[in-house]
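Chain by chain, the residues:
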Amino acid sequence: YNHRKGSEYDPVTGLYKSDYYGCSTYNLTRYVTGRSCTSHAIQAKALRALILDTIRKVTAFALKDKARFTEKVREQSQLKRTAEAKELQKKVAKAKRRVAELDRLLMKLYEDYALERIPFERYSEYVGRYEAERNALKGELAVDQQNLALYTEDSESIDRFLALADRFTDLS
């Protein structure tokens, strides 16, 4: 958690005089769960310096060897997208199976009602539940299938980053 206890805001720099991130386990859960750890924190100033240093190093690498940078970013992106796509494929397959199962259940339910094996009240109750679940699943399925189709290699973001890196090489 970020702590700025009673700290004054400096409008010129946009920073607080006392600004740090404390351990959430120490600050929140020690009273509730009994878990504990020693008090530790990091100053926001140090965090900003680390982030700026990382941005500078990545930008320098990108400007020095654009082809290798592009290859590395695509490789990492592809690994992540492959894992996400596999998860999404599993979710889509499971949803399709459940929609098919609901279709069979609805058909059997209609047959039971038509043959007067169940009363109308029970029939209408189950039909409402099954169709609501089926419609919700079909909506999710359409979105998931659309997202699955979007898992293609995207080089536009890399090109935009490289263009920005060329424009803004002084990151002070």
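As a reminder, the structure under discussion sits directly above these lines.
Calculation notes
- Residues numbered from 1 in each chain as written.
- Predicted model: local features only at pLDDT ≥ 70, side-chain atom pairs only at ≥ 80, totals over all residues.
- Heavy atoms only, no water.
- Helix = DSSP H or I, 4+ residues; strand = E, 2+ residues; numbered from the N terminus.
- Expected span 1.5 Å × (residues − 1).
- Buried < 20%, exposed > 50% of the residue type's maximum accessible area, 1.4 Å probe, protein only.
- Salt bridge = Lys/Arg side-chain N within 4 Å of Asp/Glu carboxyl O.
- Arc of directions from axis to C-beta.

Novice: What's the story with helix α4 (residues 120-149) in this structure? I'm lost.
Specialist: Residues three or four positions apart in an α-helix share a direction because the helix packs 3.6 residues into each turn. With 30 residues, α4 ought to run about 44 Å at 1.5 Å a step, and its terminal C-alpha atoms sit 42 Å apart, in line with that. Those residues of α4 that sit buried are Tyr123, Val127, Arg134, Leu137, Leu141 and Asp144.

Novice: How should I be thinking about the pattern of salt bridges in this particular structure?
Specialist: Any two side chains of opposite charge can pair if their charged atoms end up close together. For the coordinates displayed, the defined rule picks out seven salt bridges. With its nearest N and O atoms 3.4 Å apart, the salt bridge here joins Asp144 to Lys91. Of this pair, Asp144 sits in helix α4 while Lys91 sits in helix α3 (residues 66-114), placing them 53 residues apart in sequence. Between Asp112 and Arg117 there is a salt bridge, with its nearest N and O atoms 3.1 Å apart.

Novice: Please explain helix α2 (residues 44-64) as it appears in this structure.
Specialist: For α2, spanning 21 residues, the distance from its first C-alpha to its last is 30 Å, which sits close to the expected 30 Å at 1.5 Å a residue. Buried within α2 we find Ala44, Thr59 and Ala62. For α2, the buried positions fall inside an angular range of 60° around the axis, keeping them on one side. Seen from the open side of α2, the exposed residues pointing more than 90 degrees away from its buried face are Lys45, Lys57 and Lys64.

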